[in-house]
Amino acid sequence: MCDVTPAAELNVPLDTTAPSIARAFLRRTYCDAHHARVLDEAELLVSELITNGVKHGAPPITLRVTCDGTSGLRVAVRDGSPRAPQARDAGPEDDSGRGIALVDMLSTSWGVETSDLGKTTWFTLT
């Protein structure tokens, strides 16, 4: 683990303010010693995962930001629904449906872990 920045966790509200609150939390808690180059991508992807949690998940929704002590930033969003996110084919006129595709395209790795309590959708950036 990182000796500069401890892992941080936040329960986010279940409303339209959740993505901006999550981005602000990420900016306050990410490890600036290791992740300055990936902050913009991390903010975009955390917005997508939090929005998915609010729209399609179930409470509670928790954001966790972790540094592994090198260049690896791990962001995880946990919610109370066991239903895994689905990649969609969003058309040019669609207002939504691009979140998981963006996570897949921009992250170094990502995945979904399910349990009896819901799921955790995570990504890493290096």
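As shown above, the structure is provided for reference.
Residues numbered from 1 in each chain as written. Predicted model: local features only at pLDDT ≥ 70, side-chain atom pairs only at ≥ 80, totals over all residues. Heavy atoms only, no water.

### Quick look at the overall build of the protein chain
1) Next: On a plain count of helices and strands, the protein chain comes out with three helices and five strands.
2) Next: Starting at the N terminus and walking to the C terminus, you meet the elements of the protein chain as β-α-α-β-β-α-β-β.
3) Next: The 126 residues of the protein chain split such that 40% are buried.
4) Next: Nonlocal contacts in the protein chain, meaning residues at least 24 apart in sequence, comprise 61% of its contacts between residues at least 6 apart. (Helix = DSSP H or I, 4+ residues; strand = E, 2+ residues; numbered from the N terminus. Buried < 20%, exposed > 50% of the residue type's maximum accessible area, 1.4 Å probe, protein only. Contact = heavy atoms within 4.5 Å.)

### Some details on a nonpolar patch on the surface
1) Next: Among the surface-exposed residues, L44, M105 and L106 lie close enough to one another that they form a single nonpolar patch of about 270 Å² accessible area.
2) Next: The residue L44 is located in helix α2 (residues 39-56) in this model. (Patch = residues over 30% accessible without salt bridge, like charges linked within 9 Å, V, L, I, M, F, W, Y side chains within 5 Å. Areas by Shrake-Rupley, 256 points an atom, 1.4 Å probe, with all protein chains shown as cover. Salt bridge = Lys/Arg side-chain N within 4 Å of Asp/Glu carboxyl O.)

### Side note on unusual backbone geometry
1) Next: Note the cis peptide between P59 and P60, where omega equals -10°.
2) Next: Note that P60 resides in the loop between α2 and β2 (61-67).

### Digging into α2
1) Next: Under the 1.5 Å per step criterion, the end-to-end length of α2 is 25 Å for 18 residues, consistent within 8% with the ideal 26 Å.
2) Next: Looking at α2, one finds that the buried residues are L39, A42, E43, L45, V46, S47, L49, I50, N52 and G53.
3) Next: Looking at the buried residues of α2, the elements they touch are β1 (8-12), α1 (18-29), β2, β3 (73-79), α3 (99-106) and β5 (118-125). (Expected span 1.5 Å × (residues − 1).)

### As for the pattern of salt bridges
1) Next: In this structure the tally under the stated criterion is five salt bridges.
2) Next: We note a salt bridge from R27 to E43, for which the minimum N-O separation is 2.6 Å. Here R27, found in helix α1, pairs with E43, found in helix α2; they are 16 residues apart in sequence, far enough to count as distant.
3) Next: Taking relative accessible area as the criterion, R27 reaches 42% and is therefore assigned partly exposed.
4) Next: Here R74 and E113 are joined by a salt bridge, their closest N and O atoms 3.5 Å apart. Taken together, the residues span a long stretch of sequence, with R74 in strand β3 and E113 in strand β4 (residues 109-115) at a distance of 39 residues.

Read these as layout, nothing more, since geometry by itself doesn't imply function.
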